[in-house]
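Report on the structure
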Amino acid sequence: GAVVSQHPSRVICKSGTSVKIECRSLDFQATTMFWYRQFPKQSLMLMATSNEGSKATYEQGVEKDKFLINHASLTLSTLTVTSAHPEDSSFYICSARGGGGGGAPDTQYFGPGTRLTVL
Amino acid sequence: GDSVTQMEGPVTLSEEAFLTINCTYTATGYPSLFWYVQYPGEGLQLLLKATKADDKGSNKGFEATYRKETTSFHLEKGSVQVSDSAVYFCAVNSGGSNYKLTFGKGTLLTVNP
């Protein structure tokens, strides 16, 4: 139980285009989802916390107009990187807080990640 | 705020060796403690957790005990395998409205045959 999927797993795009990444909780309802960014050989950096039906809460230094987050349902959150540039290239990982039919409410369950490369 | 200090790697061991990865934390109240594992090119997988003092989390031969008096949650395994090669993250969650996690910097473990 408590499985989280991400799509796509890998995306390559041209500079200036927008890219959407989906995060789904497959067997439970997630009122809260999180988006992280991970640079090579580094820990995870929390970008934002997403609550279903409300605006995301962004961490300090994260541009909310560049990284658009939508959490329209209890099983889906999306991250859109707008007007992507090479410096946005990174590994993006989502997680979902357990509860709602699967997992423990004090635990985050992670997706497999999305590798974004901006040319 | 919460913080996690984790043993810096990389750690290189031979198969069947004993593993310890140290983790200490600062947090308010009574946090839950976690170890996550990340295999190359993948997301994080929950390895084990403990939610109160003296609890021992265990999974796949790994163990960690919640020590409130020393604010520690060290990860141990008696006999590592090549397949255990990965990055291990210690994390703390002190609750709050969204249950944010605070991660350590991660420890790269390489197990040689």
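So, here's what we can say about the structure.

Conventions we followed
Residues numbered from 1 in each chain as written. Chains lettered and ligands numbered in written order. Predicted model: local features only at pLDDT ≥ 70, side-chain atom pairs only at ≥ 80, totals over all residues. Heavy atoms only, no water. Pairing = 2+ DSSP bridges. Helix = DSSP H or I, 4+ residues; strand = E, 2+ residues; numbered from the N terminus. Axes fitted to C-alpha atoms, helices over the stretch in contact; angles between N-to-C directions. Contact = heavy atoms within 4.5 Å. Buried area = accessible area lost by both parts, 1.4 Å probe. Salt bridge = Lys/Arg side-chain N within 4 Å of Asp/Glu carboxyl O. Polar contact = N/O pair within 3.5 Å; in protein donor to acceptor, adjacent residues only side chain to side chain. Nonpolar A, V, L, I, M, F, W, Y, C, P; charged D, E, K, R; others polar.

What to know about the sheet that holds strand β7 (residues 56–59) of chain B
All names here are of chain B. Ordered in space as β3-β9-β8-β7, the four strands form an open sheet in which the pairing is antiparallel. Either end of the sheet is taken by a strand with one partner, and the two such strands are β3 (19–21) and β7. The sheet shows a mean angle of 15 degrees between the axes of neighbouring strands, taken without regard to direction. By the bridge criterion, four bridges tie β7 to strand β8 (residues 62–65) in an arrangement that is antiparallel. Residue pairing for β8: N59 is matched across the bridge by F62.

Overview of the interface of chain A and chain B
Taken together, the 23 residues of chain A in the interface contact 21 residues of chain B. Summing both partners gives a buried area of about 1,600 Å² for chain A against chain B, and 52% of it is carried by carbon and sulfur. A salt bridge links D106 of chain A to K49 of chain B; the nearest nitrogen and oxygen atoms lie 2.6 Å apart. Along the contact surface separating chain A from chain B lie nine residue pairs in polar contact (both at pLDDT 80 or more). Mapped onto the side of chain A that touches chain B, the elements with two or more residues apiece are β4 (32–38), β5 (44–51), β9 (90–97) and β10 (108–110) of chain A. For the side of chain A that touches chain B, the class distribution of residues is 11 nonpolar, nine polar and three charged.

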